[in-house]
There are 2 protein chains.
Amino acid sequence: MGTALCRPLVDSGWNVRLWGTWLDDHLVDAIDAGQPHPHTNVPAAKGITTFRSAQLEDALDGANVVVMAVASVGVPKVTELAAHGIARADAIWLTSKGFWTDPDGRIKLLPDAIRTIAAGQDAKVPPLVAIAGPVKANECGAGMPTATVFSSSDFEVAKKYAGMTSTDSYAIAAANDEVGVELCAPLKNVYAIALGISDGLGEATGTPHHNLKAATFAQAIKELALLCKHLGGHSETAYALAGVGDLEVTGLSGRNKIYGSRIGRGESPEHALQEMDRLEQTVEGVPASGLATKLVEQRAQEIVDQLPLLHCVARILEGDVGDVRSALVAAALPAKG
Amino acid sequence: MGTALCRPLVDSGWNVRLWGTWLDDHLVDAIDAGQPHPHTNVPAAKGITTFRSAQLEDALDGANVVVMAVASVGVPKVTELAAHGIARADAIWLTSKGFWTDPDGRIKLLPDAIRTIAAGQDAKVPPLVAIAGPVKANECGAGMPTATVFSSSDFEVAKKYAGMTSTDSYAIAAANDEVGVELCAPLKNVYAIALGISDGLGEATGTPHHNLKAATFAQAIKELALLCKHLGGHSETAYALAGVGDLEVTGLSGRNKIYGSRIGRGESPEHALQEMDRLEQTVEGVPASGLATKLVEQRAQEIVDQLPLLHCVARILEGDVGDVRSALVAAALPAKG
């Protein structure tokens with residue numbers, strides 16, 4: 001996503017430095033050789049400057065904005081390494097999506113993770129812009145029409161950067177709900193597994209389950225909105241690009257949906273995950289599912305009964321469900337009048 | 001949809017009479033002969049009693065509830081014929097979806113149409129339950145898992161019938177927003193055309209436009225919510241089964257989406273419609289588009305600038321748009337900065 005984002009950044013006039021972690025040097029090599037990015041098959045935007053993993057200090061030196069776009073598992077380590085560079089910037093933007101378990105076992109959203117970890121380095125994180133929405137990296141990197149959300153606790157900050165970065169094909173809605181955006185981003189991967197299960201049930205039986213998929217979609221949005229509100233964000237975030245928009249595209253294609261459809265077709269969750277691993281397809285919704293139910297346990301126990309779909313996916317992934325179809329139907333359909 | 005609905009009605013213990021209009025006698029013949037319904041290819045529920053078009057009075061005699069499920073174009077005539085039978089019932093349920101132009105040229109929602117037309121026959125319409133949501137008739141008729149909304153201005157009425165009619169596979173959410181449900185039902189067909197255009201652009205160019213489709217989806221929900229609120233309904237209706245749920249299933253498949261994808265692939269709206277007609281595929285979103293823009297002109301002029309997608313589809317269908325892709329991108333993506 002970092003490489004993909006270079007495209008609208010360059011188009012909107014930013015001077016862009018692209019740094020890759022110790023896992024990414026070969027990707028940066030490919031970009032420097034003028035080859036398409038090996039993951040998206042799209043060339044990087046022209047005019048960017050690249051930095052290898054060992055050149056983090058150079059990449060950060062004098063940066064106005066630092067964009068954190070690594071996989072969520074890499075956020076703690078990269079934050080540690082970059083903390084002082086981040087502290088010197090005017091703002092940090094965040095496209096990484098996930099949860100973080102703090103040393104006391106508490107589940108936190110990534111902005112809190114970054115602030116906590118940076119504080120451990122005596123570094124203060126500048127205003128943070130959470131970036132989310134229905135953005136497939138290959139399309140964004142190719143300059144295809146894309147809508148996204150820049151959300152910040154400080155609405156003025158969100159508006160400022162949205163205004164500076166919007167182009168005709170990369171349109172940015174400014175918002176002031178960091179929590180909601182950061183919740184929707186990983187949770188939509190969990191719910192996309194449920195949408196995939198509906199698809200898989202249709203494939204397995206030869207009878208489409210479109211009504212079930214649509215009911216699942218609506219229930220997912222209902223639960224997202226409840227969680228946003230309960231954890232200090234806004235329901236409206238779930239009803240807009242970062243919620244309905246992102247769930248639409250994630251449930252249409254993508255690895256989480258594909259993984260779910262394998263389960264719907266009758267594969268065990270374990271076997272389906274092994275197959276995805278074998279194909280080098282990371283299924284982000286799987287760890288997110290466990291962490292999300294833990295988050296609910298810690299901070300949203302009062303609404304646990306209103307989140308049947310979230311818990312249904314978790315139970316299925318844990319292998320606790322014999323009849324996946326009945327479990328999904330019970331969780332996705334409104335409770336009996 | 002009338003025949004399909006017999007399935008959950010019978011399953012929940014209702015004694016069901018199925019009447020067909022003068023266009024439907026052959027369908028009723030097929031049902032009586034034990035054949036599947038010619039349109040859905042699904043057999044009617046066992047235990048219903050059928051009535052031919054000439055037997056309307058018999059069908060209505062002593063009915064506790066009358067369900068109006070004819071195509072919207074037939075609602076005025078059937079209301080006229082059935083007005084006194086409807087008036088004698090405890091309630092009328094409505095699954096027809098569309099708009100009605102009254103004799104003064106004002107666009108009205110179907111419940112108002114029914115009340116106005118019945119009043120012209122000196123008949124008073126009993127409490128009305130508007131039924132909507134993501135319900136494909138073939139799946140509902142086959143007893144597949146389905147979620148729907150029973151919405152009534154009188155919430156107690158909605159709850160009562162939802163409770164009496166829910167089954168394990170036909171789950172009903174009760175709501176108290178007649179206006180919102182009646183707006184979402186025909187409008188989602190208009191917005192599904194826009195979703196289809198995104199798909200068609202992808203097919204024409206060989207490059208998926210998934211980000212655009214997701215942005216279009218989110219913009220559609222935003223406009224639905226605005227319209228619901230402005231016209232006396234609730235935004236929440238757009239965020240639930242009758243909005244996001246129904247738009248999901250309609251944008252996934254269905255005639256309106258298929259029609260839109262033809263336009264996206266480069267067919268003119270006129271030619272695409274001729275082809276759909278030739279295949280006997282009614283595209284309900286086409287008349288709904290014109291009527292919806294007229295409704296906005298009459299009753300929502302204040303928010304016209306916030307409905308770019310609705311108007312974009314209308315202009316495209318009128319043949320006023322040369323570059324469909326640019327027009328859709330401009331309408332679906334958030335306004336710049």
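1. Thoughts on the side chain of D177 of chain A
Residues and elements named next belong to chain A.
- When you line up the elements, D177 lands in the loop between strand 9 (170-175) and helix 8 (178-205).
- R299 provides the closest opposite charge to the buried, unpaired D177, separated from it by 11 Å.
- Of note is the side chain of D177, whose polar atom sits 2.8 Å from the backbone nitrogen of G180.
- For D177, the side chain forms a polar contact with the main-chain nitrogen of H234, separated by 2.9 Å.
- Residue contacts for D177: discarding those within four places in its chain leaves S151, S152, G233, H234 and T237.

2. Describing the domain arrangement of chain A
Residue and element names in this part refer to chain A.
- What the domain assignment lists for chain A is domain 1 (2-176) and domain 2 (179-332).
- For domain 1 and domain 2, the distance between their C-alpha centroids amounts to 26 Å.
- Listed by partner, the interface residues are 23 residues for domain 1 and 22 residues for domain 2.
- Carbon and sulfur atoms make up 71% of the area that domain 1 and domain 2 hide from each other, which totals about 1,800 Å².
- Linking domain 1 with domain 2 are zero salt bridges, by the criterion used here.
- Where domain 1 touches domain 2, the interface holds three residue pairs in polar contact (both at pLDDT 80 or more).
- Mapped by element, the contributors of at least two residues to the side of domain 1 that touches domain 2 are strand 5 (99-101), strand 6 (107-109), helix 5 (110-119), strand 7 (128-132) and strand 8 (146-151).
- Of the residues forming the side of domain 1 that touches domain 2, the biggest block, four residues, is contributed by strand 8.

3. Quick word on the sheet that holds strand 9 of chain A
Residue and element names in this part refer to chain A.
- The five strands lie next to each other as 3-4-7-8-9, forming an open sheet whose pairing is mixed. This sheet does not close on itself; its edge strands, each paired only once, are strand 3 (65-68) and strand 9. Mean inter-strand twist for the sheet, computed between neighbouring axes without regard to direction, equals 25°.
- Sheet strands in contact with helix 5 are strand 3, strand 4 (91-94) and strand 7, and its direction is about 140° off that of strand 4.
- Most of the contacts of helix 7 (residues 155-165) go to strand 9, to which it runs at about 170°, and overall it touches strand 3, strand 4, strand 7, strand 8 and strand 9.

4. Regarding helix 15 (residues 308-317) of chain A
Residue and element names in this part refer to chain A.
- For helix 15, a buried count of eight out of ten residues is recorded, marking the element as mostly surrounded by other parts of the structure.
- Looking only at helix 15, the buried set comprises L309, L310, H311, C312, V313, A314, I316 and L317.
- On its buried face, helix 15 sits against helix 8, helix 9 (210-230), helix 12 (255-264), helix 13 (269-278), helix 14 (285-299) and helix 16 (324-332).
- Following helix 15 by one or two positions, G319 has its phi on the positive side, about 80°.

5. Topic: the packing of aromatic side chains
- Per the counting criterion, the structure on display carries ten aromatic pairs over all chains.
- Relative to Y161 of chain A, the ring of W93 of chain A lies with its centre 5.3 Å away and its plane at 70°, an arrangement referred to as edge-to-face. One end of the pair, W93 of chain A, is in strand 4; the other, Y161 of chain A, is in helix 7, with 68 residues separating them in the sequence.
- On the basis of relative accessibility, which here comes to 1%, the residue W93 of chain A falls in the buried class.
- With a centroid separation of 6.2 Å and an interplanar angle of 40°, the aromatic rings of W14 of chain B and Y161 of chain B are classed as tilted. With W14 of chain B in the loop between helix 1 (2-11) and strand 1 (17-19) and Y161 of chain B in helix 7 (residues 155-165), this residue pair connects regions lying 147 residues apart in the sequence. Pair check on accessibility: W14 of chain B and Y161 of chain B agree, each one buried.
- Put simply, the rings of W14, W93, F150 and Y161 of chain A pair up and form one aromatic cluster.

6. What to know about the relation of the copies chain B and chain A
- If you rotate chain B by 180° and push it 0.0 Å along the axis, it lands on chain A with an RMSD of 0.0 Å. Seen this way, the second copy is the image of the first under a two-fold rotation axis. When each C-alpha of chain B is compared by its distance to the rotation axis, Y239 of chain B comes out closest, at 3.1 Å.
- Residue by residue, 100% of the interface of chain B is reproduced at the interface of chain A, so both copies engage with the same surface.

7. Focus: empty space enclosed by the protein
- On inspection of all chains with the given rule, the structure shows five cavities of 30 Å³ or more.
- Of the volumes computed, that of the largest cavity is approximately 90 Å³.
- As for the largest cavity, its lining consists of 14 residues, and the residues nearest its centre are F217, E248 and L252 of chain A together with E248 and L252 of chain B.
- Of all the elements in the fold, those that place two or more residues in the lining of the largest cavity are helix 9 and helix 11 (241-252) of chain A together with helix 9 (210-230) and helix 11 (241-252) of chain B.
- Among the residues forming the lining of the largest cavity, the class breakdown is eight nonpolar, two polar and four charged.
- Here the second largest cavity is characterised by a volume of approximately 70 Å³.
- Taken together, M1, L5, T95, K97, I131, A132, G133, V135, T148 and Y170 of chain B form the lining of the second largest cavity.
- For the lining of the second largest cavity, the residue count by class is six nonpolar, three polar and one charged.

8. A short note on the nonpolar core
- Membership of the largest hydrophobic core comes to 176 residues, with the highest contact counts inside it found for L227 of chain A together with L227 of chain B.
- In this structure, L227 of chain A is in contact with L183, L187, Y191, V296, A300, I303, L307 and L310 of chain A, ignoring residues within four places of it in sequence.

9. Remarks on the pairing of strand 3 of chain A
All names here are of chain A.
- By the bridge criterion, four bridges tie strand 3 to strand 4 in an arrangement that is parallel. Counterpart to M68 in the pairing with strand 4 is L94.
- Viewed along the sheet, the connection from strand 3 through helix 4 (residues 75-88) into strand 4 turns out right-handed.

10. Overview of the pattern of salt bridges
Residues and elements named next belong to chain B.
- Scanning the model with the defined rule gives 34 salt bridges over all chains in all.
- As a salt-bridge pair, D32 and R52 come within 2.9 Å of each other at their nearest N and O atoms. Taken as a pair, D32 in helix 2 (residues 25-32) and R52 in the loop between strand 2 (49-51) and helix 3 (56-60) lie far apart in primary sequence, 20 residues in all.
- Since its relative accessible area comes to 43%, D32 is described here as partly exposed.
- Across the salt bridge formed by K188 and D246, the nearest N and O atoms sit 3.2 Å from each other. Here D246 lies in helix 11 and K188 lies in helix 8 (residues 178-205), a separation of 58 residues in the sequence. Across the pair, D246 and K188 agree in class, each one buried.

Reading the values: the criteria
- Residues numbered from 1 in each chain as written.
- Chains lettered and ligands numbered in written order.
- Predicted model: local features only at pLDDT ≥ 70, side-chain atom pairs only at ≥ 80, totals over all residues.
- Heavy atoms only, no water.
- Helix = DSSP H or I, 4+ residues; strand = E, 2+ residues; numbered from the N terminus.
- Buried < 20%, exposed > 50% of the residue type's maximum accessible area, 1.4 Å probe, protein only.
- Lys, Arg positive; Asp, Glu negative; His and termini not counted.
- Salt bridge = Lys/Arg side-chain N within 4 Å of Asp/Glu carboxyl O.
- Polar contact = N/O pair within 3.5 Å; in protein donor to acceptor, adjacent residues only side chain to side chain.
- Contact = heavy atoms within 4.5 Å.
- Domains from an automatic or database assignment.
- Buried area = accessible area lost by both parts, 1.4 Å probe.
- Pairing = 2+ DSSP bridges.
- Axes fitted to C-alpha atoms, helices over the stretch in contact; angles between N-to-C directions.
- Phe/Tyr/Trp six-rings, centres within 6.5 Å; stacked < 30°, edge-to-face > 60°.
- Least-squares fit on C-alpha atoms with pLDDT ≥ 70 in both.
- 1 Å grid on protein atoms, 1.4 Å probe; cavity = no way out; pocket = protein on both sides within 12 Å on 5 of 7 lines; lining within 4 Å.
- Points joined across faces, edges and corners; volume = space filled by probe spheres on them.
- Nonpolar A, V, L, I, M, F, W, Y, C, P; charged D, E, K, R; others polar.
- Core = buried A, V, L, I, M, F, W, Y, C linked by side-chain atoms within 4.5 Å.
- Right-handed = clockwise from strand over helix to strand, strands pointing away.

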